[in-house]
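Coordinate analysis (summary)
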Amino acid sequence: MLILGIESSCDETGVALVELNTAGSAQRPVLRGHALFSQIEMHQAYGGVVPELASRDHIRRVMPLLRDTLAQAGCTQADIDVVAFTRGPGLAGALLVGAGFACALGLALDRPVLGVHHLEGHLLSPFLSADPPEFPFVALLVSGGHTQLMEVTTVGEYTLLGETIDDAAGEAFDKTAKMLGLGYPGGPALARLAESGNPKAYKLPRPLLRGEELDFSFAGLKTAVWTQLGRLPEGDVQARADLAASTQAAIVEVLVAKSLIALKQTGLKRLVVAGGVGANRQLRADLNQQCARRGIRVHYPELDFCTDNGAMIAMAAAMRLQTGRAEARREYDFNVRPRWPLDDL
């Protein structure tokens, strides 16, 4: 069974094909091809994502990306068995492009369609890696607008352990970068600047880092960074690098500490990190070090699959179909869910 995945929730257009062996339910779905277009260059002029521009660009990109993906896999449109798409959460207009295209394609080919939860796609993206995890595990989901700790028993069985009560970790990176004048996308730019800074130069708060608390809060950190920035000597490049490094250190320390608390509370020995912030090198280094001391395995998506992509949507759809957690249907009167809590699944 060939499953086409289409991702269009924000500023990346992703298309991918995953092959599911329906004869062997224990076999992991295999990625056959994928293509991705990032709108970063277009949005840089505005310092962030412009929803209307994002939606219009998805319309332009999705068909060429489909052709590229089919060519990689050596397939034609007629070989597609199921069309999966991101139903939510995300930008409403951007989601409508992917959903509309998927349902139109499904209708034209007489194939069933399946709407996929964007965060479940991130959550299951490490199964695309050469070292996939095994269930059960604790998941640290850190994307641009979400920071959550989940206990994952199997596909579709997720227990929320903790989440952000204000800014997500990705937002803390992006907003700090904007304050420092680093532009968009802020997270990677701040991480690059932090490489030349001293992470202990400034004492910044570690919000909610006490006891066994598993919720996150980064709004206070953002305020502290703004206050400290106002005290920096004008034009002091090293001081700005030090502040970037200190900010990154604070965010990473909180993420690592709470992940370890979640593992301790659940008694699990396996951690999965997913989402765009999961590509941060300092986060990976600190998690690897702390988990190795405790005999805990850590799994990450491949770097190509940390940000939004079609492969994670196709994989999530395949794993849901494989486990009987979902059924693709020939129902093309689509709707999208810009706000869709993962625990609604």
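Further up the page is the structure itself.
Here goes a summary of the coordinates provided. (Residues numbered from 1 in each chain as written. Predicted model: local features only at pLDDT ≥ 70, side-chain atom pairs only at ≥ 80, totals over all residues. Heavy atoms only, no water.)

1. Focus: the overall build of the protein chain
Secondary structure summary: the protein chain contains 10 helices and 10 strands in total. Scaling as 2.2 N^0.38, a compact globule of 345 residues should have a C-alpha radius of gyration of about 20 Å, and the protein chain matches this with 20 Å. With the C-alpha coordinates aligned to their principal axes, the bounding extent of the protein chain is approximately 65 × 45 × 30 Å. With 345 residues in all, the protein chain has 53% of them scored as buried. About 14,800 Å² of surface is accessible on the protein chain, with carbon and sulfur atoms providing 50% of the total. A gap of 4 Å separates the mean positions of the 33 positive and 38 negative side-chain charges of the protein chain. (Helix = DSSP H or I, 4+ residues; strand = E, 2+ residues; numbered from the N terminus. Rg over C-alpha atoms; globule rule 2.2 N^0.38 Å. Buried < 20%, exposed > 50% of the residue type's maximum accessible area, 1.4 Å probe, protein only. Areas by Shrake-Rupley, 256 points an atom, 1.4 Å probe, with all protein chains shown as cover. Lys, Arg positive; Asp, Glu negative; His and termini not counted. Charge placed at Lys NZ, Arg CZ, Asp CG, Glu CD.)

2. As for the packing of aromatic side chains
Throughout the structure, instances matching the rule amount to 4 aromatic pairs. Ring centres of Phe135 and Phe137 lie 5.5 Å apart, and the angle between their planes is 15°; this geometry places the pair in the stacked category. With relative accessibility at 0%, the residue Phe137 sits in the buried group. An aromatic cluster of three or more residues is present, and its members are Phe127, Phe135 and Phe137. In this structure, Arg87 packs its charged tip against the face of Trp340, placed 5.4 Å from the ring centre. In this arrangement the basic side chain of Lys258 is found over the ring face of Phe216, its NZ or CZ atom lying 5.8 Å from the centre. (Phe/Tyr/Trp six-rings, centres within 6.5 Å; stacked < 30°, edge-to-face > 60°. Lys NZ or Arg CZ within 6 Å of the ring centre and 35° of its normal.)

3. Side note on the packing of helix 5 (residues 169-179) against helix 6 (residues 186-194)
The interhelical angle for the contact between helix 5 and helix 6, taken along N-to-C directions, is 70°, at an axis separation of 7 Å. In terms of orientation, helix 5 lies roughly perpendicular with respect to helix 6. Two packed elements cross with a definite hand, and for helix 5 against helix 6 that hand is left-handed. Across the interface between the two elements, Phe173, Asp174, Thr176 and Ala177 of helix 5 pack against Gly186, Gly187 and Leu190 of helix 6. (Axes fitted to C-alpha atoms, helices over the stretch in contact; angles between N-to-C directions. Parallel < 35°, antiparallel > 145°, perpendicular 65-115°, else oblique. Left-handed = near helix turned anticlockwise from the far one by under 90°. Contact = heavy atoms within 4.5 Å.)

4. Quick notes on the side chain of Glu12
Structurally, Glu12 can be placed in strand 2 (residues 12-19). Despite being buried, Glu12 has no salt bridge partner; Arg61 is the closest side chain of opposite charge, sitting 12 Å away. Discounting residues that sit within four places of it in the chain, Glu12 has contacts with Glu7, Leu36, Phe37, Ser38, His58, Thr307 and Asp308. (Salt bridge = Lys/Arg side-chain N within 4 Å of Asp/Glu carboxyl O.)

5. Points about the pattern of salt bridges
Pairing of side chains with opposite charge becomes possible as their charged atoms draw close. Taken as a whole and assessed by the stated rule, the structure comprises 14 salt bridges. Arg325 is the salt-bridge partner of Glu157, the closest N and O atoms lying 2.5 Å from each other. One end of the pair, Glu157, is in strand 8 (residues 157-163); the other, Arg325, is in the segment after helix 10 (310-322), with 168 residues separating them in the sequence. Using a relative accessible area of 36% as the deciding quantity, one classes Arg325 as partly exposed.

6. Points about helix 7 (residues 219-229)
Among the residues making up helix 7, those that are buried are Leu221, Val225, Gln228 and Leu229. Buried positions in helix 7, seen along its axis, are confined to an arc of 100° and lie on one side of it. Buried residues in helix 7 make contact with helix 5 and helix 8 (237-266). (Arc of directions from axis to C-beta.)

7. Quick notes on the nonpolar core
Among soluble globular proteins, nonpolar side chains are generally buried collectively. If you look at the biggest cluster of nonpolar residues, it comprises 47 residues, and the most contacted ones within it are Leu140, Phe218, Leu243, Ile251, Leu255, Leu271 and Val273. Only strand 6 (137-142), helix 5, helix 6, helix 7, helix 8, strand 9 (270-274) and helix 9 (281-293) provide two or more residues apiece to this core. In this structure, Leu271 is in contact with Val138, Leu140, Ser259, Leu263, Leu287, Cys291, Ile296, Arg297, Val298 and His299, ignoring residues within four places of it in sequence. In this structure, Leu128, Val155, Ala317 and Leu321 belong to the second largest nonpolar core, which totals 35 residues. (Core = buried A, V, L, I, M, F, W, Y, C linked by side-chain atoms within 4.5 Å.)

8. Quick notes on unusual backbone geometry
Of note, the bond from Phe135 into Pro136 is cis; its omega dihedral lies within 30 degrees of zero at -5°. In this structure, Pro136 sits in the loop between helix 4 (118-124) and strand 6. Looking along the chain, the bond that leaves Tyr184 and enters Pro185 is cis, with omega of -5°. Considering the arrangement of structural elements, one finds Pro185 in the loop between helix 5 and helix 6. Of note in the backbone geometry, Asp110 takes a positive phi value of approximately 60° without being a glycine. Within the element layout of this structure, Asp110 appears in the loop between helix 3 (92-109) and strand 5 (113-117). Taking relative accessible area as the criterion, Asp110 reaches 46% and is therefore assigned partly exposed. The phi dihedral of Leu208 falls on the positive side, at around 55°, and the residue is not glycine. For Leu208, the position within the fold is in the loop between helix 6 and helix 7.

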